[in-house]
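Structural features, examined
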Amino acid sequence: MPEIVYKTNLDSVDWTEMKTTLCRDAFDNGRTPEQLKTSFENSYAACVAYANNRIVGTARVLSDGVCNAYIVDVWTLSAYRRQGIATAMMQNLLSRLKGQHVYLFTDDVPQLYAKLGFVEQPVGMGQVIGTWLVNEA
Ligand SMILES: CC(C)(COP(=O)(O)OP(=O)(O)OC[C@H]1O[C@@H](n2cnc3c(N)ncnc32)[C@H](O)[C@@H]1OP(=O)(O)O)[C@@H](O)C(=O)NCCC(=O)NCCS
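Residues numbered from 1 in each chain as written. Predicted model: local features only at pLDDT ≥ 70, side-chain atom pairs only at ≥ 80, totals over all residues. Heavy atoms only, no water.

Here the largest pocket defines a volume of roughly 850 Å³. Looking at the largest pocket, it is lined by 27 residues, and the ones nearest its centre are A86, D108, V109, L112 and Y113. Only β4 (68–76), α3 (85–94) and α4 (110–115) provide two or more residues apiece to the lining of the largest pocket. In the lining of the largest pocket, the residues fall into 15 nonpolar, six polar and six charged. (1 Å grid on protein atoms, 1.4 Å probe; cavity = no way out; pocket = protein on both sides within 12 Å on 5 of 7 lines; lining within 4 Å. Points joined across faces, edges and corners; volume = space filled by probe spheres on them. Helix = DSSP H or I, 4+ residues; strand = E, 2+ residues; numbered from the N terminus. Nonpolar A, V, L, I, M, F, W, Y, C, P; charged D, E, K, R; others polar.)

Right, let's talk about empty space enclosed by the protein for a bit. Per the counting criterion, the structure on display carries one cavity of 30 Å³ or more. For the largest cavity, the calculated volume is near 40 Å³. Around the largest cavity sit M18, L22, F27, R31, F40, T58, D73 and W75, which together line it. Mapped by element, the contributors of at least two residues to the lining of the largest cavity are α1 (15–24) and β4. Of the residues in the lining of the largest cavity, the class split is five nonpolar, one polar and two charged.

The subject of this paragraph is a nonpolar patch on the surface. A cluster of nonpolar side chains, V66, V128, W132 and L133, forms an exposed patch at the surface whose accessible area comes to about 340 Å². Within the secondary structure, W132 sits in the segment after β7 (125–128). When its relative accessible area of 44% is taken as the criterion, W132 is described as partly exposed. (Patch = residues over 30% accessible without salt bridge, like charges linked within 9 Å, V, L, I, M, F, W, Y side chains within 5 Å. Areas by Shrake-Rupley, 256 points an atom, 1.4 Å probe, with all protein chains shown as cover. Salt bridge = Lys/Arg side-chain N within 4 Å of Asp/Glu carboxyl O. Buried < 20%, exposed > 50% of the residue type's maximum accessible area, 1.4 Å probe, protein only.)

Turning next to the side chain of H101. Residue position: H101 is located in strand β5 (residues 101–104). Beyond its immediate stretch of four places on either side in the chain, H101 contacts C67, N68, A69, Q121, Q127, V128 and W132. (Contact = heavy atoms within 4.5 Å.)

Now for the environment of V61. Assignment of secondary structure puts V61 in strand β3 (residues 54–63). Dropping the residues within four chain positions of it, V61 is found in contact with S43, Y44, A45, A69, Y70, I71, L93 and L97.

Another aspect to go through is the packing of aromatic side chains. Summed over all chains, the structure comprises three aromatic pairs. Ring geometry for W15 versus F40: centroids 5.6 Å apart, planes at 50 degrees, classification tilted. Here W15 is found in helix α1, whereas its partner F40 is found in helix α2 (residues 33–41), with 25 residues between them in sequence. Judged by its relative accessible area of 2%, F40 is buried. Summarising the aromatic geometry, the rings of Y113 and F118 are spaced 6.2 Å apart at their centres and angled 80 degrees between planes, so their arrangement reads as edge-to-face. No difference in accessibility class separates Y113 from F118, as the two residues are buried. The ring of Y50 carries the charged tip of K7 above its face, separated from the ring centre by 4.3 Å. Over the ring of F40 we find R60, and its NZ or CZ is 5.3 Å from the ring centre. (Phe/Tyr/Trp six-rings, centres within 6.5 Å; stacked < 30°, edge-to-face > 60°. Lys NZ or Arg CZ within 6 Å of the ring centre and 35° of its normal.)

Here the focus is the pattern of salt bridges. For the structure on display, the rule yields six salt bridges. Here E17 and R54 are joined by a salt bridge, their closest N and O atoms 3.6 Å apart. Highlighted residues: E17 in helix α1 and R54 in strand β3, separated in sequence by 37 residues. Between R31 and D73 there is a salt bridge, with its nearest N and O atoms 2.8 Å apart.

These values are about where atoms sit, not about what they do.
Right, dumping it as structure tokens:
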């Protein structure tokens, strides 16, 4: 398997490639390439996984930077699943959310998030990263 590279700087992301790849993997939610660009760039933090310079995973987080964060767009290309890519992308995002309550909704694979420390609250899942309201490392 190729090395997986995780990018958090979005400058070089090809948004048309992301759209095409999401469509092919049946995880497109209708955003245009421009809308993908806007939603990722307006996020608090994002992580895009690459294999052989092709997009194979995404995750991003909305946050006020103080107390509340919400994780969305967690996806790994089907052929690359069960290799820890989503876990690595999540860990990358969580490391930048110290002191915040992190929430997400999943109707698919709660095991992924439980392994990262999330618990049901009570319908969704969430956790405080580090100490509540302590945002510095
Ligand atoms: C859910 C998803 C992001 C997981 O991506 P991934 O890169 O395969 O995840 P990881 O390899 O980091 O998996 C970590 C752990 O999560 C659990 N897990 C992941 N996929 C699982 C599955 N299909 N069934 C059961 N457990 C699963 C396992 O415990 C796994 O550890 P293991 O492989 O050692 O058993 C991926 O399957 C996906 O993109 N699905 C479609 C989109 C989606 O549903 N996104 C979630 C929206 S909230």
